Amino acid sequence: EDQVTQSPEALRLQEGESSSLNCSYTVSGLRGLFWYRQDPGKGPEFLFTLYSAGEEKEKERLKATLTKKESFLHITAPKPEDSATYLCAVQGINQGGKLIFGQGTELSVKP
Amino acid sequence: DVKVTQSSRYLVKRTGEKVFLECVQDMDHENMFWYRQDPGLGLRLIYFSYDVKMKEKGDIPEGYSVSREKKERFSLILESASTNQTSMYLCASASQLNQPQHFGDGTRLSIL
């Protein structure tokens with residue numbers, strides 16, 4: 001069964017303290033892996049798509065990487081405005097348009 | 001930028017009512033999706049549509065139906081609302097099935 005597990009569930013950082021969020025997945029043929037950011041009371045906001053192992057994408061303080069079994073979202077020198085829930089989702093090649101989401105990591109960055 | 005607009009941010013309805021949730025996207029996307037998001041369960045796909053008048057069941061279609069009469073509009077219908085359908089409902093659209101899905105801000109629906 002296709003599955004996505006994110007860890008940790010919650011992460012508290014001090015401003016400037018770099019860290020990584022993990023997304024482990026099992027899927028029968030990966031079509032794509034997607035990272036989203038979700039602020040309270042809002043819909044998920046698209047961040048990155050990764051399609052193949054070894055691929056990396058960067059945006060400001062965020063960098064996403066992909067292996068055959070997991071993806072990491074690295075946050076370098078985070079700021080309080082990076083506080084949000086980060087969601088990972090995978091799409092299998094036999095799943096049509098369906099995304100399978102993880103439970104998310106709730107990130108809190110304190111000044 | 002893609003804009004996905006959901007008609008209501010908050011909605012309160014009674015059990016047994018027929019409820020309509022509306023979603024409109026402005027990017028001429030072929031594909032549209034309805035999810036619900038619940039604490040501890042994450043986002044789960046209810047239905048999706050890859051073309052006008054076409055629909056496919058997601059993981060939890062029971063108690064729901066959908067309508068896509070125009071490309072830009074995708075409606076979710078709760079045929080007879082029940083309390084276990086209290087949830088956050090999110091609509092999304094994508095240009096192609098392997099492209100990122102872009103979400104609206106959701107409708108928080110309470111069924112009393």
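Right, let's walk through the structure included here. (Residues numbered from 1 in each chain as written. Chains lettered and ligands numbered in written order. Predicted model: local features only at pLDDT ≥ 70, side-chain atom pairs only at ≥ 80, totals over all residues. Heavy atoms only, no water.)

Regarding the overall build of chain A
- A tally of regular secondary structure across chain A gives zero helices and 11 strands.
- Sequence-ordered secondary structure for chain A, helices as α and strands as β, is β-β-β-β-β-β-β-β-β-β-β.
- For chain A, the C-alpha radius of gyration of 13 Å lies close to 13 Å, the compact-globule estimate for 111 residues.
- Seen through its principal axes, chain A has C-alpha atoms that stretch 45 × 30 × 20 Å.
- Restricting the contact set of chain A to residue pairs at least 6 apart, pairs at least 24 apart contribute 55%.
- Approximately 5400 Å² of chain A is accessible, and the part contributed by carbon and sulfur atoms is 46%.
- Across chain A, the 13 positively charged side chains and the 15 negatively charged ones have centroids separated by 3 Å. (Helix = DSSP H or I, 4+ residues; strand = E, 2+ residues; numbered from the N terminus. Rg over C-alpha atoms; globule rule 2.2 N^0.38 Å. Contact = heavy atoms within 4.5 Å. Areas by Shrake-Rupley, 256 points an atom, 1.4 Å probe, with all protein chains shown as cover. Lys, Arg positive; Asp, Glu negative; His and termini not counted. Charge placed at Lys NZ, Arg CZ, Asp CG, Glu CD.)

Focus: the interface of chain A and chain B
- Taken together, the 19 residues of chain A in the interface contact 21 residues of chain B.
- Roughly 1600 Å² is buried in total at the junction of chain A and chain B, and carbon and sulfur atoms are behind 54% of that figure.
- If you look at where chain A meets chain B, you find one salt bridge.
- D59 of chain B is the partner of K98 of chain A in a salt bridge, and the nearest nitrogen-oxygen pair spans 2.5 Å.
- Taken together, the connections running from chain A to chain B amount to nine residue pairs in polar contact (both at pLDDT 80 or more).
- Counting only elements with at least two residues in the side of chain A that touches chain B, the list comes to strand 4 (30-38), strand 5 (45-50) and strand 9 (84-92) of chain A. (Buried area = accessible area lost by both parts, 1.4 Å probe. Salt bridge = Lys/Arg side-chain N within 4 Å of Asp/Glu carboxyl O. Polar contact = N/O pair within 3.5 Å; in protein donor to acceptor, adjacent residues only side chain to side chain.)

Observations regarding the pattern of salt bridges
Residue and element names in this part refer to chain B.
- The tally for this structure, following the rule as stated, stands at 11 salt bridges over all chains.
- Note that E79 and K18 form a salt bridge whose closest N and O atoms lie 3.8 Å from each other. Taken together, the residues span a long stretch of sequence, with E79 in the loop between strand 8 (73-78) and strand 9 (87-94) and K18 in the loop between strand 2 (10-13) and strand 3 (19-25) at a distance of 61 residues.
- What you see here is one network of salt bridges that share partners, running through D28, E30 and K71.

Quick notes on the state of the cysteines
All names here are of chain A.
- Here the structure, examined in full by the defined rule, presents two disulfides over all chains.
- A sulfur-sulfur distance of 1.9 Å marks the disulfide that ties C23 to C88. Torsion about the S-S bond of the C23 and C88 cystine: about -60°, corresponding to left-handed handedness. Within this pair, whereas C23 is found in strand 3 (residues 19-26), its partner C88 is found in strand 9, the two being separated by 65 residues in sequence. (Disulfide = S-S within 2.5 Å.)

Re the nonpolar core
Residue and element names in this part refer to chain A.
- The biggest cluster of nonpolar side chains holds 24 residues, and the ones touching the most others in it are L33, W35, L73 and Y86.
- Breaking this core down by element, the ones donating at least two residues are strand 2 (10-14), strand 3, strand 4, strand 5, strand 7 (62-66), strand 8 (70-75), strand 9 and strand 11 (105-110).
- Sort the elements by how many residues they give to this core and strand 9 lands first, with four residues.
- With sequence-adjacent residues up to four places away left out, L73 is seen in contact with S19, S20, L21, W35, F48, L62, K63, A64 and Y86. (Core = buried A, V, L, I, M, F, W, Y, C linked by side-chain atoms within 4.5 Å. Buried < 20%, exposed > 50% of the residue type's maximum accessible area, 1.4 Å probe, protein only.)

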